[in-house]
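Remarks on the overall topology
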Amino acid sequence: MTAKVVTITSGKGGVGKTTATANIGVALASLGHPAVCIDADIGLRNLDVIMGLENRIVYDLVDVVEGRCKLRQSMIKDKRVPDLYLIPAAQARDKTSVSPQDMIRLCDELRSHCEWILIDSPAGIERGFRNAIAPADLVLIITNPEVSAVRDADRIIGLIEAEGKGPGQLIINRLKPEMVKKGDMLGEEDILDVLAIELIGLVPEDDAVITASNQGNPVALNASSSAGNAFRDIARRLNGEEVPFEPLYDQQGFLKRISRLVRSGGDR
Amino acid sequence: MSFRDRLLGRDRRSAQTARKRLQLVLIHDRAGISPGKLDALKDDLIAAISRHVEIDASNVHVSLRSERDKQRLVADIPLATSRARRRELG
Ligand SMILES: Nc1ncnc2c1ncn2[C@@H]1O[C@H](COP(=O)(O)OP(=O)(O)OP(=O)(O)O)[C@@H](O)[C@H]1O
Ligand SMILES: [Mg+2]
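Residues numbered from 1 in each chain as written. Chains lettered and ligands numbered in written order. Predicted model: local features only at pLDDT ≥ 70, side-chain atom pairs only at ≥ 80, totals over all residues. Heavy atoms only, no water.

Going through the model one piece at a time under the given rule, you end up with zero aromatic pairs over all chains. The ring centre of A:Y85 lies 5.6 Å from the NZ or CZ of A:K77, which sits over that ring. (Phe/Tyr/Trp six-rings, centres within 6.5 Å; stacked < 30°, edge-to-face > 60°. Lys NZ or Arg CZ within 6 Å of the ring centre and 35° of its normal.)

Here it is, written out as structure tokens:
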């Protein structure tokens, strides 16, 4: 095994990097592809709670980098799916505790142990972002269908190209099909038009993401979640499968809309 | 769309507004020139060109245009025609 390193980043904060990292990791492992998720958001650790592994942390990323533990000891095994691991970020440290070189060395050591290494990048374009993209073979840029988030994604796409890490691929998260259809939300065509980047995922807004984060059970474990489905599709595309993009808001998607209406208790 | 918006003729859906604003902001971001800087550049341009040829300064347009892989600074500088000059003279 030689793992491929995929970094999930965004520029703008709060658009869904951690959610995407956890769910793509879960989806890859469920498909039988061993994956390690690394939380590179040092000082603002979150991937552990999204994955529901926060109570099992002993060592973290900075402990590995500073030699206080072996790499293996910092890897928390997820018991719900085969071969999924988390390397948590340090909470009480700052991002200068780790260098881009450290990240490259760590990932190189990990590569022979899994097929996928997923790195959850912090928001921004500073040191933490540079740490996260340094070892990347592929960068996934995630955005929301809003002017500010797309603008920041454009900036990140430029930086990634300048670092020789391009071309990245795009995930559009939190799409509301009804709003797009009414013309009150940017759709994927609008966004792809201005960003000129390949698309790898369209993730709808889904209340199940929030209940999942309440419980520490990523939505990709939930077979009936639309966001979970979208993350599973991304995992399959990463593996080279041709997965068509499901039209989230085609005119004929009447049944889908009805079923959504019923599921969400009729509130639109 | 609210009734009031309709009355005011604001019949554009917000996604369309978002698209336009996004395009404009990206053009400026990518070129590294803010709208204010572009205005200053326009003033300098008018001053420089006026030293060589008489132009119709009030109708100069300087804008950024974005194509697939190129950013273009486009200046439209009308020369002061004799007709315009005559108009100016009253
Ligand atoms: N598809 C979705 N549907 C509904 N809620 C979502 C979706 N994706 C993300 N969220 C919610 O958005 C919030 C931000 O998500 P997340 O923490 O993954 O973002 P982030 O980019 O990692 O943020 P930060 O920049 O702070 O690290 C969370 O409350 C999450 O539950
Ligand atoms: Mg995060």
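Before going further, it helps to examine the site of ligand 1. Residue and element names in this part refer to chain A. By nearness alone, 16 residues border ligand 1, and G14, K17, T18, T19 and N173 come closest of all. A distance of 3.2 Å separates an oxygen atom of ligand 1 from a polar backbone atom of V15. Here an oxygen atom of ligand 1 sits 2.9 Å away from a polar atom, N or O, in the side chain of R174. Expressed as a share of its isolated accessible area of 640 Å², the protein-covered part of ligand 1 is 80%. (Near = heavy atom within 4 Å. Polar contact = N/O pair within 3.5 Å; in protein donor to acceptor, adjacent residues only side chain to side chain. Areas by Shrake-Rupley, 256 points an atom, 1.4 Å probe, with all protein chains shown as cover.)

The interface is formed by 14 residues belonging to chain B together with 14 residues belonging to chain A. Interface area for chain B against chain A, summed over the two sides, is near 1300 Å², with a carbon-plus-sulfur share of 54%. Here chain B is connected to chain A by four salt bridges. Between A:D190 and B:R19 there is a salt bridge, with the nearest N and O atoms lying 2.8 Å from each other. If you look at where chain B meets chain A, you find eight residue pairs in polar contact (both at pLDDT 80 or more). Looking at side-chain class alone, the side of chain B that touches chain A contains five nonpolar, three polar and six charged residues. (Contact = heavy atoms within 4.5 Å. Buried area = accessible area lost by both parts, 1.4 Å probe. Salt bridge = Lys/Arg side-chain N within 4 Å of Asp/Glu carboxyl O. Nonpolar A, V, L, I, M, F, W, Y, C, P; charged D, E, K, R; others polar.)

So, about helix α1 (residues 17–30) of chain A. All names here are of chain A. Helix length check: α1, at 14 residues, gives a terminal C-alpha distance of 20 Å against a target of 20 Å (1.5 Å per residue), a fit within 8%. Taken across its 14 residues, α1 has 13 buried, putting it largely inside the fold. Once α1 ends, the next one or two residues include G32, with phi positive near 95°. (Helix = DSSP H or I, 4+ residues; strand = E, 2+ residues; numbered from the N terminus. Expected span 1.5 Å × (residues − 1). Buried < 20%, exposed > 50% of the residue type's maximum accessible area, 1.4 Å probe, protein only.)

Our next topic: unusual backbone geometry. Residues and elements named next belong to chain A. Here the bond from G166 into P167 is cis, since omega is -5°, no more than 30 degrees from zero. For R174, which is not glycine, the phi dihedral falls at a positive 70°. Turning to its location among the elements, R174 is positioned in strand β7 (residues 169–175). On the basis of relative accessibility, which here comes to 36%, the residue R174 falls in the partly exposed class. One non-glycine residue, A196, adopts positive backbone phi at about 50°. With respect to the element layout, A196 can be found in the loop between α9 (188–195) and β8 (198–204). Overall, A196 belongs to the partly exposed group, its relative accessible area being 48%.

Their axes nearest at 10 Å, the elements α9(A) and helix α2 (residues 14–31) of chain B cross at an angle of 20°. What the angle tells us is that α9(A) and α2(B) run roughly parallel. Considering how the two elements wind past one another, α9(A) and α2(B) form a crossing that is right-handed. Here A:D190, A:V194 and A:L195 of α9(A) come into contact with α2(B), specifically with B:R19, B:L22, B:Q23, B:L26 and B:R30. A breakdown of the residues in the contact of α9(A) with α2(B) according to their chemical character gives four nonpolar, one polar and three charged. (Axes fitted to C-alpha atoms, helices over the stretch in contact; angles between N-to-C directions. Parallel < 35°, antiparallel > 145°, perpendicular 65-115°, else oblique. Left-handed = near helix turned anticlockwise from the far one by under 90°.)

A separate point is the packing of helix α7 (residues 147–162) of chain A against α9(A). Residue and element names in this part refer to chain A. Viewed as axis vectors pointing N to C, α7 and α9 meet at an angle of 35°, and their least axial separation amounts to 10 Å. Seen from above, α7 lies across α9 with right-handed handedness. Contacts between α7 and α9 involve V150, A153, D154 and I157 from the first element and I191, V194 and L195 from the second. Within the contact of α7 with α9, the residues separate by chemical class into six nonpolar, no polar and one charged.

Moving on, we get to the environment of B:L22. Structurally, B:L22 can be placed in helix α2. Residue B:L22 is classed as buried on the basis of its relative accessible area of 1%. When the C-alpha positions of B:L22 and B:A47 are compared, they lie 32 Å apart, and in sequence the two are 25 residues distant. If sequence neighbours within four positions are ignored, B:L22 has contacts with A:V147, A:V150, A:R151, A:L186 and A:V194.

Further remarks concern the confidence of the model for chain B. Keep in mind that low pLDDT regions are not for reading the predicted coordinates in detail. Summing up the model confidence of chain B, the mean pLDDT is 82 and the portion of residues at 70 or higher is 77%. The ipTM assigned to the predicted complex is 0.76, against a pTM of 0.86. (pLDDT = per-residue confidence, 0-100.)

Attention now goes to the sheet that holds strand β2 (residues 35–39) of chain A. Residue and element names in this part refer to chain A. Taken together, eight strands build an open sheet; the order of strands is β3-β4-β2-β5-β1-β6-β7-β8 and the sheet is mixed. Edge strands, defined here as strands with exactly one partner in the open sheet, are β3 (76–77) and β8. Sheet topology note: the strand β1 (residues 4–9)/strand β5 (residues 116–120) ladder contains five bridges and is parallel. The residue bridging V6 from the neighbouring strand is L118, located in β5. α1 contacts β1, β2, β4 (84–87), β5, β6 (138–143) and β7 of the sheet and is inclined by roughly 165° relative to β5. Strands in contact with helix α5 (residues 100–110) are β1, β2, β4 and β5; relative to β2, the strand with the most contacts, it is inclined by about 165°. (Pairing = 2+ DSSP bridges.)

Residues and elements named next belong to chain A. For helix α11 (residues 226–238), with 13 residues, the first-to-last C-alpha span of 19 Å sits near the 18 Å given by 1.5 Å per residue. Looking only at α11, the buried set comprises A227, G228, A230, F231, D233, I234, A235, R237 and L238. In the core, the buried residues of α11 are packed alongside α1, β5, β6, β7, β8 and α10 (207–215). The opening residue of α11 is S225, an N-cap whose side-chain oxygen sits 3.3 Å from the backbone nitrogen of A227. At the exit of α11 stands G240, carrying a positive phi of roughly 90°.

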